[in-house]
Amino acid sequence: LTKEQGKNDFQIFTQEMMEKANETFSLQRDLNRALVNNEFELYYQPKISAKDGQICGAEALIRWNHPNLGMIPPNDFIHLAEESGMIVPIGDWVYQEACRQLRRWKEAGKEQIKISVNFSTLQFLQKDLVKRVASFLEENDIEGKWIEIEITESILVHSDQELLNKVIELKKIGIQIALDDFGKGYSSLDYLRKYGFNTIKLDRSFISDIDTNEESAAIASFMIALGKKLNINIVAEGVERKEQLAVLKKLECDELQGYLFSKPVRIAEFEKLWM
Ligand code: C2E
Ligand code: MG
Ligand code: MG
Ligand code: MG
C-alpha cells in the first residue's frame, strides 16, 4: 500500500462515516415527529394454538410509514428510538393502540383473543409504568389477562429489584409476561425461576433447523417439557415449513407463530384470516 492510497482509503472511510452519521441524524430527527404525524402503524401476526390450529392470539409489531423512505422495519429504528428516549412515548402509543384494537375485536365477538406487545428496557425504567398500564386497561374495559408483554433478556441482564417488582406488579393486575427470543443470548434458566414468566418464545434461530438438527430438536423438546412442568406456555417463533410444524406438534409445543401461517399483516388482512 502506497502512502497515497492509504490516504485515499482514509478519506473514503471518513466520507462514509459522515454519510452514515448524517443519515442517522436525519432519521433520528424524523423519528421525533413521527408520532405527532401519525406515521406509525401496528401490524399483527397470528399465534396459532397447536392443539386445534385456531388463532389464539396476535403479536403487535410496529411499522413506520416514513413520508420519503417508505416502510421502515422496527429493526432499523427501534435502537434509534431507544438512544433518544423516544421509545417511551412510542411504546405508550403501541400499548394504547393494542388495547383499543383488543377492545374492538372483543366487541366484534372475538372473545378469546390475546394481544402481545413488545416492550423495551427503557419503558421498564418509568416509575409509573404499572399505574399507566392499569389505567389504560380500565379505560378500555379489558382484563389484564388478555394482554401479554414480551420482553427480551436484554432487560433482565440489568436485573435489579425494581424491575422484578414491576414484573410482579404487572402480573398482579393480570398482565401476562413473555420472555421473547429465548435461546438467542445467554438464556439463563435462573431467569425462569426469578420472573415467573407465563410464556417463553423459542427463538427462530433454532426453530429454523429443528427438523434437520438433532441438537435443536433436543433443546426444543427439553424446553417444552420444562414448560409443562413449570406451567409456562411455550411458543415457537419463525415456523416457516411443514416439516418444522410436524416436529413441534410431535413435541407438543403449545403455540406456533411464523410465515407458514401468516406474516405480520394489517388489521383488515388479519381479520380475513378469521373468516
Ligand atoms: P420479535 O418481537 O422477536 O418479533 C418477531 C419478528 O420475526 C418480527 O419481525 C416478525 O415479522 C418476524 N417473523 C415472524 N415470523 C417469521 C418467520 O416465519 N420467518 C422470519 N424470517 N421472520 C419471522 P419485525 O416485525 O421486523 O420485528 C423485529 C423486532 O422489532 C421484534 O422482534 C421486536 O424485538 C422489535 N419490535 C417490533 N415491534 C416493536 C414495538 O412495538 N416495540 C418494541 N420495543 N420493539 C418492537
Ligand atoms: Mg416479540
Ligand atoms: Mg422474538
Ligand atoms: Mg426478535
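Structural notes, computed from the coordinates. Because the structure is predicted, anything quoted here is derived from the model rather than measured.

Here is what the cut-offs are and how they apply
Residues numbered from 1 in each chain as written. Chains lettered and ligands numbered in written order. Predicted model: local features only at pLDDT ≥ 70, side-chain atom pairs only at ≥ 80, totals over all residues. Heavy atoms only, no water. Axes fitted to C-alpha atoms, helices over the stretch in contact; angles between N-to-C directions. Helix = DSSP H or I, 4+ residues; strand = E, 2+ residues; numbered from the N terminus. Parallel < 35°, antiparallel > 145°, perpendicular 65-115°, else oblique. Left-handed = near helix turned anticlockwise from the far one by under 90°. Contact = heavy atoms within 4.5 Å. Nonpolar A, V, L, I, M, F, W, Y, C, P; charged D, E, K, R; others polar. Donors = N, O, S within 2.8 Å, 3.2 Å for Na, K, Ca; no water. Salt bridge = Lys/Arg side-chain N within 4 Å of Asp/Glu carboxyl O. Buried < 20%, exposed > 50% of the residue type's maximum accessible area, 1.4 Å probe, protein only. Near = heavy atom within 4 Å. Polar contact = N/O pair within 3.5 Å; in protein donor to acceptor, adjacent residues only side chain to side chain. Areas by Shrake-Rupley, 256 points an atom, 1.4 Å probe, with all protein chains shown as cover. Pairing = 2+ DSSP bridges.

### Describing the packing of helix 3 (residues 87–107) against helix 5 (residues 129–139)
Line of reasoning, step 1. Packing of helix 3 against helix 5 brings their axes to within 10 Å, and their N-to-C directions diverge by 25°. With respect to helix 5, the element helix 3 is oriented roughly parallel. The two elements helix 3 and helix 5 cross, and the hand of that crossing is right-handed. Note on element contacts: helix 5 touches helix 3 through Arg132, Val133, Phe136 and Leu137, opposite Asp92, Tyr95, Gln96, Cys99 and Arg100.
Line of reasoning, step 2. Its residues assigned to classes, the contact of helix 3 with helix 5 comprises five nonpolar, one polar and three charged.

### So, the coordination of the magnesium ion (ligand 3)
Line of reasoning, step 1. Only Asp180 (OD), Asp181 (OD), Glu237 (OE) and Glu237 (OE) from the protein reach the magnesium ion (ligand 3) as donors, at distances of 2.0 to 2.7 Å.
Line of reasoning, step 2. We note that the donor set of the magnesium ion (ligand 3) lies within a single chain, spaced as D-D-x55-E.
Line of reasoning, step 3. Between the magnesium ion (ligand 3) and the magnesium ion (ligand 2) the interatomic distance comes to 4.1 Å, and Asp180 is a ligand of both metals. Remark: Glu237 occurs in the loop between strand 8 (233–236) and helix 11 (242–250) and Asp180 occurs in strand 6 (residues 176–182); sequence separation between them is 57 residues.

### Describing the pattern of salt bridges
Line of reasoning, step 1. In the structure shown here, the tally under the stated rule is 21 salt bridges.
Line of reasoning, step 2. Measuring nitrogen to oxygen at the nearest pair gives 4.0 Å for the salt bridge that ties Lys184 to Asp181.
Line of reasoning, step 3. Overall, the relative accessible area of 58% leaves Lys184 in the exposed class.
Line of reasoning, step 4. The salt bridge partner of Glu237 is Lys201, with a shortest N-O separation of 3.9 Å. With a gap of 36 residues between them, Glu237 in the loop between strand 8 and helix 11 and Lys201 in strand 7 (residues 199–202) connect regions that are remote in the sequence.

### Here's the deal with the site of ligand 1
Line of reasoning, step 1. Neighbouring ligand 1 are 22 residues, the closest being Arg63, Asn118, Asp180, Glu240 and Tyr259.
Line of reasoning, step 2. Side-chain polar atom of Asp180 to an oxygen atom of ligand 1: 2.9 Å apart, as the coordinates give it.
Line of reasoning, step 3. Burial of ligand 1 by the protein amounts to 85% of the accessible area it has alone, namely 800 Å².
Line of reasoning, step 4. For the shell around ligand 1, the secondary-structure elements that each account for two or more residues are strand 2 (55–66) and strand 6.
Line of reasoning, step 5. In terms of residue count, the dominant contributor to the shell around ligand 1 is strand 2 (four residues).
Line of reasoning, step 6. The residue makeup of the shell around ligand 1, split by class, is eight nonpolar, six polar and eight charged.

### A short note on the pairing of strand 4 (residues 114–118)
Line of reasoning, step 1. Of all five residues in strand 4, four are buried; the element is thus mostly enclosed.
Line of reasoning, step 2. Direction of pairing for strand 2 relative to strand 4: parallel, over a ladder of three bridges. The residue bridging Ala58 from the neighbouring strand is Ile115, located in strand 4.
Line of reasoning, step 3. One ladder, built from four bridges, connects strand 4 with strand 5 (residues 147–151); its direction is parallel. Looking at strand 5, one finds that Val117 is bridged to Ile149.

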